[in-house]
Amino acid sequence: MGSTGNGGVRIEDGGRRWVMWGQIDFAVTHAVKARLAATIDGRPKTVDLSAVTFMDSSGLHLLLMKVTEESRPRLLGVPPQVLEILEFSHALDLVEIVGPEVPPPDEPAGALAG
């Protein structure tokens, strides 16, 4: 689908699911924005972020394109860096985080706080 050498987005399930990977930056946004916008139909999208290693404000723009109360995207596998940009931008109320977040790189998967 749309990608650059460092990241991209794949559209699945007739446009209801977006799978993002790598660095979601201006170059990726520029490459995929029109195709993603064409899938926006007023219903929520499921966006798998589990393979995202970096996201800047242009990537945040992709997640929040034409969001309404009825079309809040469901985010799966939200990495800590993406959660941070959502919090910093005061955008957490515009999305629904589903399932476990991805642990920080120095915290092994399955590790318990204690």
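Thresholds, definitions, all that
- Residues numbered from 1 in each chain as written.
- Predicted model: local features only at pLDDT ≥ 70, side-chain atom pairs only at ≥ 80, totals over all residues.
- Heavy atoms only, no water.
- Salt bridge = Lys/Arg side-chain N within 4 Å of Asp/Glu carboxyl O.
- Helix = DSSP H or I, 4+ residues; strand = E, 2+ residues; numbered from the N terminus.
- Contact = heavy atoms within 4.5 Å.
- Expected span 1.5 Å × (residues − 1).
- Buried < 20%, exposed > 50% of the residue type's maximum accessible area, 1.4 Å probe, protein only.
- Arc of directions from axis to C-beta.
- Polar contact = N/O pair within 3.5 Å; in protein donor to acceptor, adjacent residues only side chain to side chain.

If you check an unreviewed UniProt entry, the chain appears there as Anti-sigma factor antagonist from Cellulosimicrobium funkei.

**A short note on the pattern of salt bridges**
Between side chains of opposite charge, a pair can form when the charged atoms approach closely. Under the counting rule described, the total for this entry stands at six salt bridges. Among the ionic pairs, Arg16 bridges to Asp13, the shortest N-O distance being 3.0 Å. The salt bridge partner of Asp41 is Arg43, with a shortest N-O separation of 2.8 Å. One connected set of salt bridges, linked through shared partners, spans Arg10, Glu12, Arg17 and Asp48.

**A word on the environment of Leu63**
Of note, Leu63 is situated in helix H2 (residues 57-63). Leu63 sits 27 residues away from Leu36 along the chain, and the two C-alpha atoms are 9.7 Å apart. When neighbours within four sequence positions are excluded, Leu63 is seen to be in contact with Met20, Val47, Leu49, Met55, Pro73 and Leu75.

**What about helix H1 (residues 26-37)?**
An ideal rise of 1.5 Å per residue puts 16 Å on twelve residues; H1 measures up with 16 Å between its terminal C-alpha atoms. Among the residues of H1, Val28, Thr29, Val32 and Leu36 are the ones counted as buried. Buried residues in H1, looked at end-on, bunch into an arc of 105°, giving them a common side. For H1, exposure combined with an orientation more than 90 degrees from the buried face picks out Phe26, His30 and Ala34.

**Details of the side chain of Thr46**
Position of Thr46 among the secondary structure elements: in strand S4 (residues 46-55). When its relative accessible area of 15% is taken as the criterion, Thr46 is described as buried. Engagement of the side chain of Thr46 in a polar contact is seen with the side chain of Arg74, the distance being 3.5 Å. Among all residues touching Thr46, those that are not within four sequence positions of it are Arg16, Arg17, Trp18, Arg74 and Leu76.

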